[in-house]
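What follows is the residue order along each chain.
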Amino acid sequence: MSAPITQDALLHTLRSFCLEGDVVSCTPYGGGHINSTQLVTDDAGKRYILQRINTHVFRDVDALMENIQLVTDFLQGHGCETRGTLTLVPTCSGKYYVENDYGCWRMYHFVEDSICLQAPESDDDFYESAVAFGRFQQALKNFPVEKLHTTIPNFHNTPDRYRLFREAIERDPLGRVKDVQPEIDFILSHEETVCRPQHMLEEGRLPERVTHNDTKLNNVLLDAESHKALCVIDLDTVMPGLSIFDFGDSIRFGAATAAEDERDLSLVTMSLDRFRAFTRGFVRSCPDLTETELDMLSDGARTITLECGMRFLTDYIDGDCYFATQRPGQNLDRCRTQLKLVADMENRWSDMQRIVKEERL
Ligand code: ADP
Ligand code: GN1
Ligand code: MG
């Protein structure tokens, strides 16, 4: 677990960045599970996002920050408007992050007049988030992939996630396994089905692309007034990967009818209207998808949802060391919503496939 962020840590860290004015406030911001985010305001009213990078998750911060710099530079050089991509604020010594006694820190310009949603307010919002993620992938089509570092090895390698899951069950450090047998059984019974995309990647049947790998709705900003797609954020996991997983992770989060940690599972279903809206936005803004990728979009949603549920359960069994939690049992609750979503997708499988067929170009 990382140490709490103190006033001292913030004051010390803020001095390392080249800001135009004096800082007047610095307050916790956003709802991410990995980094710690602060909203910084200076005396001229200019705003910034300060983040302490989770070095337990991202072991090689140089590599991570080089990726972000390369990707944001590339997007800026390829017609992205100012608010269309993140912009890093350099440190006083010209680097893109600073390491001190309190951790590793980076800063971005705050994207003004934007909104970041935890749940879509309408199908149109969700459509716009699909446009943002689809455009992002399309724009990175010619990115020199060999320059990208792998920030988390095997991040969406589902068979490897099963390996880590089995290891956690074997360790069972807190004796929690006995309470989660139905969840374990559900996950194990899906192994063959949900590992299929990784196998198809290895067989060359699904192409490897530059993907975002964490396409939750709260990793995209929409314009505050028009609600049009604006900017993709949280670029820590931009790596080679599968387009169907970027599609699927958005469905997992944004097409769910309840929050990721909802305890009343009767509220958790997958909205077919949201599914259609996202599919439409994604296929329209990402016209290069192959026939096989289009055929496998629903599978991408099922696999990434099951995989995410398995990751939450692995972390619950291990003692909640990876995903930030605000209450006991939250990772188990998160796991249960994901498994409920998978079951719901399977009940609506023919509808999902029909919608993809109707929306593909
Ligand atoms: P995490 O990895 O913890 O999810 P994010 O990079 O997604 O961290 O940032 C957390 C939240 O901070 C986002 O969901 C968003 O609300 C906000 N945010 C991050 N960067 C910016 C930015 N440049 N401008 C405006 N809001 C931002
Ligand atoms: C984490 O950082 P954040 O909150 O956007 C996680 C994703 C999970 C997601 C589940 C680097 O995303 O992989 O899908 O939580 N990011 C990392 O909500 O592990
Ligand atoms: Mg995030």
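Relevant structure appears above.
Read on for a plain summary of the structure.

Definitions and cut-offs
Residues numbered from 1 in each chain as written. Chains lettered and ligands numbered in written order. Predicted model: local features only at pLDDT ≥ 70, side-chain atom pairs only at ≥ 80, totals over all residues. Heavy atoms only, no water. Near = heavy atom within 4 Å. Polar contact = N/O pair within 3.5 Å; in protein donor to acceptor, adjacent residues only side chain to side chain. Areas by Shrake-Rupley, 256 points an atom, 1.4 Å probe, with all protein chains shown as cover. Helix = DSSP H or I, 4+ residues; strand = E, 2+ residues; numbered from the N terminus. Core = buried A, V, L, I, M, F, W, Y, C linked by side-chain atoms within 4.5 Å. Buried < 20%, exposed > 50% of the residue type's maximum accessible area, 1.4 Å probe, protein only. Contact = heavy atoms within 4.5 Å. Salt bridge = Lys/Arg side-chain N within 4 Å of Asp/Glu carboxyl O. Arc of directions from axis to C-beta. Pairing = 2+ DSSP bridges. Axes fitted to C-alpha atoms, helices over the stretch in contact; angles between N-to-C directions. Expected span 1.5 Å × (residues − 1).

## Regarding the site of ligand 2
Near ligand 2 lie 18 residues; those nearest to it are His 33, Lys 216, Glu 260, Arg 311 and Tyr 322. One of the side-chain N or O atoms of Asp 234 is found 3.0 Å from an oxygen atom in ligand 2. Glu 260 is positioned with one of its side-chain polar atoms (N or O) 2.6 Å from an oxygen atom of ligand 2. The fraction of the free accessible surface of ligand 2 (450 Å²) that becomes covered by protein chains is 97%. Here the element with the most residues in the shell around ligand 2 is helix α11 (residues 297-318); it accounts for 3 residues.

## Some points on the nonpolar core
Core analysis: the largest hydrophobic core is formed by 76 residues, its most contacted members being Val 71, Leu 140, Ile 251 and Met 270. It is helix α2 (residues 61-77) that contributes the most residues to this core, 7 residues altogether. Setting aside chain neighbours within four positions, we find Val 71 in contact with Phe 136, Leu 140, Phe 143, Leu 148, Leu 235 and Val 238. With 21 residues, the next largest nonpolar core counts Ala 168, Val 177, Phe 312 and Tyr 316 among its residues.

## Side note on the pattern of salt bridges
Side chains carrying opposite charge are able to pair once their charged atoms draw close together. Counted according to the given criterion, the structure contains 30 salt bridges. Put simply, Arg 274 and Asp 123 hold a salt bridge, and the shortest N to O gap is 2.5 Å. Here Arg 274 is found in helix α9 (residues 272-285), whereas its partner Asp 123 is found in helix α3 (residues 123-139), with 151 residues between them in sequence. The closest approach of N and O atoms between Glu 346 and Arg 302, which form a salt bridge, is 3.0 Å. Residue Glu 346 is found in helix α12 (residues 330-347), and its partner Arg 302 is found in helix α11; the two are separated by 44 residues along the sequence. Its relative accessible area of 11% is what places Arg 302 among the buried residues. In this structure, a network of salt bridges that share partners links the residues Arg 276, Arg 280, Asp 351, Arg 354, Glu 358 and Glu 359.

## Side note on helix α13 (residues 349-359)
Those residues of α13 that fall on the buried side of the exposure criterion are Trp 349, Met 352, Ile 355, Val 356 and Glu 359. Seen along its axis, α13 keeps its buried residues to an arc of 125 degrees; they face one direction. Along α13, the residues that are exposed and aim more than 90 degrees away from the buried face are Ser 350 and Lys 357. In this fold, the buried residues of α13 make contact with α9, α10 (291-295), α11 and α12.

## A short note on the sheet that holds strand β6 (residues 114-115)
With antiparallel pairing, the 3 strands of this open sheet are ordered in space as β6-β8-β9. Both edges of this open sheet fall to β6 and β9 (229-232), since each of them pairs with a single strand only. Alignment of β6 against strand β8 (residues 220-223), held across 2 bridges, turns out to be antiparallel. Paired with Ser 114 across the bridge in β8 is Asp 223. Against the sheet, α3 engages β8 and β9, with an angle of about 50 degrees to β9.

## Here we look at the site of ligand 1
The local shell around ligand 1 holds 20 residues, among which Gln 51, Val 111, Asn 218, Asn 219 and Asp 234 are the closest. Between an oxygen atom of ligand 1 and a main-chain N or O atom of Asn 35, the distance comes to 3.1 Å. Backbone polar atom of Val 111 to a nitrogen atom of ligand 1: 2.9 Å apart, as the coordinates give it. Elements with a contribution of two residues or more to the shell around ligand 1: β3 (47-53) and β5 (103-109).

## What to know about helix α8 (residues 243-254)
Taking 1.5 Å per residue, 12 residues should reach 16 Å; α8 reaches 17 Å between its end C-alpha atoms and fits that length. For α8, a buried count of 12 out of 12 residues is recorded, marking the element as mostly surrounded by other parts of the structure. Along α8, the residues classified as buried are Ser 243, Ile 244, Phe 245, Asp 246, Phe 247, Gly 248, Asp 249, Ser 250, Ile 251, Arg 252, Phe 253 and Gly 254.

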